[in-house]
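Chain and residue survey
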Amino acid sequence: KEGVLVVKVLRTINNNVVICLDNNNNEVVAFGKGIGFNKKVNEKIELKNIERTYYKVKPEYVDMVAYIPQEVFDVAVKITDYCRIVLNKSINPNTAFTLADHINFAIKRHQEKIDMSLPIIKDIEHLYENEYDVGLFGLKMIEKILNVKLPNIEACMIALHIDKKNEDMILDIVKIIEKYLNIKIDKNSLNYSRFVSHMNYLFIRGNKNKYIFSKNSEIYSSLVNSYPETNKVVERITIYLEDALRSALSNDEKLYLILHVNRLCTREDCENNQ
């Protein structure tokens, strides 16, 4: 927050988080104990009361803070701070917000005894070695501060969250799905977690240029015919991915994309849009 002079409040998220304008009229998300309590629009906040500030945060991520416990966000901040030191590079300001959202959901999933499988664990440990170390540090912080012992698979998920390029690509793809199928995807659902895992696995295959190839052409053709609207969306996703990954997707990869995109919809939504 060094050099930041917050001049007025734009919107209060909760008692500890406020969206403000600084002295250069730049929007900033400010954190501090009680800084949002009874604050009105255009009211000033003293700099000494602000503990942390974030610039260039996407609006949808700021709104996450409203339903994420403060202690969970604090853990996410510790992880991103540690990541900044270990990786010796700047961290996207959105990362702390999306990571806090993931940790909050992971804890709920763990409490409800919902297990997640992630076949790419070994790939992540190998390809994202430093990020995986940050993930292990994150599990220690979650256990120490939140008193929740999450399985090691979550270290992989934290590692993938830190790799911001993957996350941005997934969000772009989700926007394509929502736009062309006219649906709103529940990012707290198990199917969304499975979709994210599948996409991260696809990115790894794409970076290695080792896509799935098999003899499923008849199944692929059948799915294309059965879900023409979903297939149109997958073709749009394919154009996006082939540009981003610089390699052509196989029909098998598109087959699995059709299946995963359909899972993201409710049964009713999918049928209404086919």
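All right, on to the overall build of the chain then. When helices and strands are tallied, the chain shows twelve helices and four strands. By the compact-globule yardstick of 19 Å for 274 residues, the chain fits well, its C-alpha radius of gyration being 21 Å. Along the first, second and third principal axes, the C-alpha set of the chain runs to 65 × 40 × 35 Å. In the chain, which comprises 274 residues, the share counted as buried stands at 49%. Relative to all contacts within the chain whose residues are 6 or more apart in sequence, the contacts with residues 24 or more apart total 67%.

This part is about the pattern of salt bridges. Summed over all chains, the structure comprises ten salt bridges. We note a salt bridge from Arg52 to Asp81, for which the minimum N-O separation is 3.1 Å. Linking Arg52 in strand 4 (residues 52–55) with Asp81 in helix 2 (residues 70–87), this pair joins segments that are 29 residues apart in sequence. Assessed through its relative accessible area of 28%, Arg52 is described here as partly exposed.

The next point concerns helix 10 (residues 228–245). The end-to-end C-alpha distance of helix 10, which contains 18 residues, comes to 25 Å, matching closely the 26 Å that a straight helix rising 1.5 Å per residue would cover. After helix 10 finishes, the residue Arg246 shows a positive phi value of roughly 60 degrees.

Below, the discussion takes up the side chain of Glu131. As for its position among the elements, Glu131 is in helix 5 (residues 129–146). When residues no more than four places from it in sequence are discounted, the contact partners of Glu131 are Leu87, Ala159 and Ile162.

One finds Phe97, Ile103, Ile177 and Leu241 to be the most contacted residues of the largest nonpolar core, which totals 77 residues. Apart from residues lying up to four places away in sequence, Leu241 is in contact with Met169, Ile173, Met199, Leu202, Phe203, Arg246, Leu249 and Leu257. Listed in part, the eight residues of the second largest apolar core include Val9, Ala30, Ile35 and Ile50.

This part covers the confidence of the model for the chain. Per-residue pLDDT for the chain has a mean of 85; in total, 91% of the residues score no lower than 70. Confidence, read as mean pLDDT per element, is least for helix 12 (residues 267–273) in the chain (44) and greatest for helix 5 (94). Here residues 267–274 scores under 50 on pLDDT; set against residues more than four positions off or in separate chains, the count is 13 contacts.

With 18 residues, helix 2 ought to run about 26 Å at 1.5 Å a step, and its terminal C-alpha atoms sit 25 Å apart, in line with that. Those residues of helix 2 not exposed but buried are Val72, Phe73, Val75, Ala76, Val77, Ile79, Thr80, Cys83 and Leu87. Lining the buried residues of helix 2 we find strand 3 (27–31), strand 4, helix 3 (95–111), helix 5 and helix 6 (153–162). After helix 2 finishes, the residue Asn88 shows a positive phi value of roughly 55 degrees.

The subject of this paragraph is the packing of aromatic side chains. Scanning the entire structure with this criterion turns up seven aromatic pairs. Seen from their ring centres, Phe31 and Phe73 are 4.7 Å apart, and the 10 degrees between their planes marks the pair as stacked. Here Phe73 lies in helix 2 and Phe31 lies in strand 3, a separation of 42 residues in the sequence. An angle of 85 degrees between the planes, with centres 6.4 Å apart, marks the rings of Tyr54 and Phe73 as edge-to-face. A residue pair is termed long-range when its members are at least 10 positions apart, and Tyr54 in strand 4 and Phe73 in helix 2 qualify at 19 residues. With respect to class, Tyr54 is no different from Phe73; both count as buried. One aromatic cluster is present, formed by Phe31, Tyr54, Phe73 and Phe97 through successive ring pairs. Above the face of the Tyr180 ring, Arg236 is positioned so that its terminal group lies 3.8 Å from the ring centre.

A few words now on the pairing of strand 3. For a regular strand, the rule is simple: side chains alternate between the two faces of the sheet. The element strand 3 is largely enclosed, with a buried count of four among its five residues. In this structure, strand 2 (residues 17–22) lies alongside strand 3, joined through five bridges in antiparallel fashion. Bridge assignment links Val18 to a residue of strand 3, and that residue is Ala30. Counting the residues in the hairpin turn of strand 2 and strand 3 gives four residues, including Asn25, whose phi is positive at 60 degrees. Here strand 3 pairs with strand 4 via four bridges, running antiparallel. Bridge assignment links Val28 to a residue of strand 4, and that residue is Tyr55.

Calculation notes
- Residues numbered from 1 in each chain as written.
- Predicted model: local features only at pLDDT ≥ 70, side-chain atom pairs only at ≥ 80, totals over all residues.
- Heavy atoms only, no water.
- Helix = DSSP H or I, 4+ residues; strand = E, 2+ residues; numbered from the N terminus.
- Rg over C-alpha atoms; globule rule 2.2 N^0.38 Å.
- Buried < 20%, exposed > 50% of the residue type's maximum accessible area, 1.4 Å probe, protein only.
- Contact = heavy atoms within 4.5 Å.
- Salt bridge = Lys/Arg side-chain N within 4 Å of Asp/Glu carboxyl O.
- Expected span 1.5 Å × (residues − 1).
- Core = buried A, V, L, I, M, F, W, Y, C linked by side-chain atoms within 4.5 Å.
- pLDDT = per-residue confidence, 0-100.
- Phe/Tyr/Trp six-rings, centres within 6.5 Å; stacked < 30°, edge-to-face > 60°.
- Lys NZ or Arg CZ within 6 Å of the ring centre and 35° of its normal.
- Pairing = 2+ DSSP bridges.

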